[in-house]
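Observations on the three-dimensional arrangement
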Amino acid sequence: MCIRDRDRLTNNFTQLLNSVNEVIIYVKNVFDFYEYENSQYPVVITKFYFGVRENNPGFFNMRDTTDPLKDRPTVAYEHSDKVALSDGSLAKVLVAYNYPDYLPDGFLFEYYGIADEIFVKFKQVDQYKAIKMVSAARLRAESLLTGNRVTPETERKVQKLRDLSATIGGSARLFEIYLYIVIKGRSEEELSEKEFRIKEIANARLISIEAPKYIQRELYELKTSINALTPFSIEKNFIDSLSAGSFYPFISEDLIDGNGVFLGVSGSNSPVVYNPYARNNYNIVILGETGSGKSMTTKIFLRRLRKKISIGINGIDPENEYVKDVVAKELGITPILIRPGQKLGLDLMRFVREGFIDATDAAELLADLYYVPQELRPRLRRLFVSSDADTIFQFVDELKENKAEDLLKYLDAIESPPDSYVYDGIPIDISGNTVFGIKELRNQRLKVVVSSLLTLLLQRKMLTGKQLLFVDEAWIFSEYPAVLNLLQEVSRRGRKYGDIFMYITQRPWDVYATSEGRTILEQAATAILLRQRAAATEVLQKAYNLSQAEIDYLLNANPGQGIIRAGNYKLTIQILPTAEELQIFSTSPVV
């Protein structure tokens with residue numbers, strides 16, 4: 001989420017608090033199973049409830065609902081430090097007592113993956129009383145500014161109270177605030193583990209949090225004050241509505257697109273159901289080092305997408321990962337193995353004549369593929385664009401006739417094997433779902449030549465509607481800006497036809513080194529980032545605005561774990577293959 005959207009949401013939350021006298025926010029994790037192809041995966045759905053005494057204030061697309069506490073398990077027995085519930089589980093309620101001067105917006109989200117329930121209550125303090133309280137607190141704090149023991153912390157506190165005194169009667173309101181965190185478990189051990197993790201997070205934020213003894217029943221029943229039947233009182237904390245934006249609760253690691261493909265679960269264990277057509281473009285980047293689960297993730301997505309919608313699948317496969325018989329059959333593709341000495345009919349000049357590519361772009365591509373120096377490229381472009389040749393071989397003959405020895409020094413390789421085999425012959429039939437395996441071409445430059453020309457061949461097909469083109473091990477193109485530009489152009493032109501373009505690489509730093517590569521990485525609406533090498537961290541921080549915590553997560557992620565950024569969504573993910581997919585697609589013992 002961008003800073004502008006975050007600020008808008010927290011401002012709306014502040015306005016909401018200012019508009020009501022009492023607010024109750026109840027966050028509940030619902031444990032369920034997500035079923036996919038007869039496999040069941042445990043998931044957690046986070047639900048949010050908002051209660052006010054006034055009418056619905058009209059923020060955040062709220063709608064009326066039934067009482068969320070209606071079917072909540074009741075207390076069967078009260079222990080000193082926990083309660084036993086009617087469903088056989090144990091529960092403990094932790095209460096936050098003291099808060100630091102600063103908390104980041106949405107900090108409650110840090111507890112969502114552990115807590116079973118979170119209860120927050122805001123109760124507005126009478127305005128006259130609030131002004132008196134803030135003024136008294138300011139005067140007490142200002143009295144500490146005398147003497148030789150004034151600390152920066154004291155000065156900050158005094159300034160904050162002075163600012164609050166100026167706003168508490170106008171744009172700000174003062175609230176009593178209560179925060180309960182409810183944890184549940186089937187055993188003492190599970191409860192203790194959750195309590196330890198909750199306290200660890202709270203301590204890192206300088207929040208004091210404890211589980212009060214002998215009042216766990218009342219806390220579980222979400223009571224906050226004394227009455228005739230509940231002789232207890234929770235210590236009051238106060239917060240102004242401007243600072244209360246940090247308590248913004250409506251954050252969820254849920255990516256559940258309509259008509260989407262199930263990929264796995266998020267860090268909070270909610271299902272990740274992804275539809276590329278829900279984004280503003282259909283470009284997907286998958287980045288991960290060897291062994292990170294990159295190929296498995298791609299194969300799972302292709303298989304499940306094909307089962308979900310009617311779409312053609314095409315690909316360039318430098319390592320022959322996808323052209324294996326069992327994989328090709330499962331993906332519904334025709335594998336085509338490109339072998340040394342095979343005539344491919346990928347004549348670049350013929351592609352120009354047939355409208356596959358502009359002559360100027362083709363000349364630049366030719367210059368990149370054959371390392372023509374920059375100072376010779378203008379001449380190559382002029383000769384290529386003005387050429388009457390119908391084939392690339394005829395163009396080389398024209399160069400000989402024009403005695404263009406400086407260009408022939410680089411381009412005469414076109415007429416000799418292995419390059420001549422690339423251009424000679426009849427083009428391959430690509431009418432079905434076609435993936436080209438080019439591993440047997442040992443020369444990396446030759447792989448790039450063949451891949452770029454195959455992409456041109458496939459481009460015509462991409463413009464017929466709803467096709468997917470994936471390019472694996474795409475880092476091999478990093479030294480060829482014209483090839484990267486070609487891939488970018490293919491994805492751009494195919495967008496209006498509903499085409500999906502997937503760019504897969506283990507070396508994002510090589511790709512990011514060129515402006516064309518940066519465009520591909522940064523402008524893809526979806527990026528799936530799996531485990532990375534340290535060399536990738538700077539690039540990923542720049543391209544995807546990752547925090548240091550997110551970088552650390554990617555450096556230490558297990559296979560199949562990573563971060564998915566899809567439009568405005570960014571969340572951690574664990575890719576979950578079915579047992580059948582694991583058996584068919586795995587290139588190692590685990591994902």
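In the block above lies the structure referred to throughout.
Listed in full, the buried residues belonging to helix α11 (residues 392-401) are Ile392, Phe395, Val396 and Leu399. Each buried residue of α11 sits inside an arc of 100° when the element is viewed along its axis, so together they form one side. Looking at the buried positions of α11, the neighbouring elements they touch are α8 (348-353), α9 (359-369), α10 (377-385), α12 (405-411) and α13 (419-423).

Within the largest apolar cluster, 84 residues are counted, with the highest numbers of intra-cluster contacts made by Phe384, Phe395 and Tyr544. Other than its neighbours up to four places away in sequence, Phe384 contacts Met349, Val352, Ala359, Ala362, Ala363, Leu366, Ile392 and Phe395. Phe13, Val23, Ile198 and Ile209 belong to the second-largest nonpolar core, a separate cluster that totals 39 residues.

Quick look at the pattern of salt bridges now. Under the definition given, this model contains 35 salt bridges. In this structure, Glu78 and Arg217 form a salt bridge, with 3.7 Å as the shortest nitrogen-oxygen distance. Residue Glu78 is located in strand β3 (residues 75-78), and its partner Arg217 is located in helix α5 (residues 216-220); the two are separated by 139 residues in the primary sequence. Judged by its relative accessible area of 27%, Glu78 is partly exposed. One salt bridge connects Glu289 with Arg531, and the closest N-O pair in it is separated by 2.7 Å. Of the two residues, Glu289 sits in the loop between β13 (283-287) and α6 (294-308) while Arg531 sits in the loop between β19 (526-529) and α18 (537-544), which places them 242 residues apart along the sequence. Per residue, the accessibility class of Glu289 equals that of Arg531, and both read buried. Via salt bridges that share partners, Asp81, Lys82, Lys92, Glu188, Glu195, Lys199 and Glu210 belong to a single interconnected network.

Next up on the list: the environment of Val93. Tracing the backbone shows Val93 in strand β5 (residues 90-98). For Val93, a relative accessible area of 1% puts it in the buried group. C-alpha separation for the pair Val93 and Phe196, spaced 103 residues apart in sequence, amounts to 13 Å. Those residues in contact with Val93 that sit more than four places away from it in its chain are Tyr180, Ile181, Val182, Glu210, Ala211, Pro212, Gln216, Leu219 and Tyr220.

Below, the discussion takes up the pairing of β19. Here β19 shows a buried face lined by Thr526 and Ile528 and a second buried face lined by Ala527 and Leu529. As paired elements, β13 and β19 share 4 bridges and run parallel to each other. Residue pairing in the sheet places Val285 in a bridge with Ala527 of β19. Sheet topology note: the β19/strand β20 (residues 561-566) ladder contains 4 bridges and is antiparallel. Counterpart to Ala527 in the pairing with β20 is Arg565.

What counts and how
- Residues numbered from 1 in each chain as written.
- Predicted model: local features only at pLDDT ≥ 70, side-chain atom pairs only at ≥ 80, totals over all residues.
- Heavy atoms only, no water.
- Buried < 20%, exposed > 50% of the residue type's maximum accessible area, 1.4 Å probe, protein only.
- Helix = DSSP H or I, 4+ residues; strand = E, 2+ residues; numbered from the N terminus.
- Arc of directions from axis to C-beta.
- Contact = heavy atoms within 4.5 Å.
- Core = buried A, V, L, I, M, F, W, Y, C linked by side-chain atoms within 4.5 Å.
- Salt bridge = Lys/Arg side-chain N within 4 Å of Asp/Glu carboxyl O.
- Pairing = 2+ DSSP bridges.

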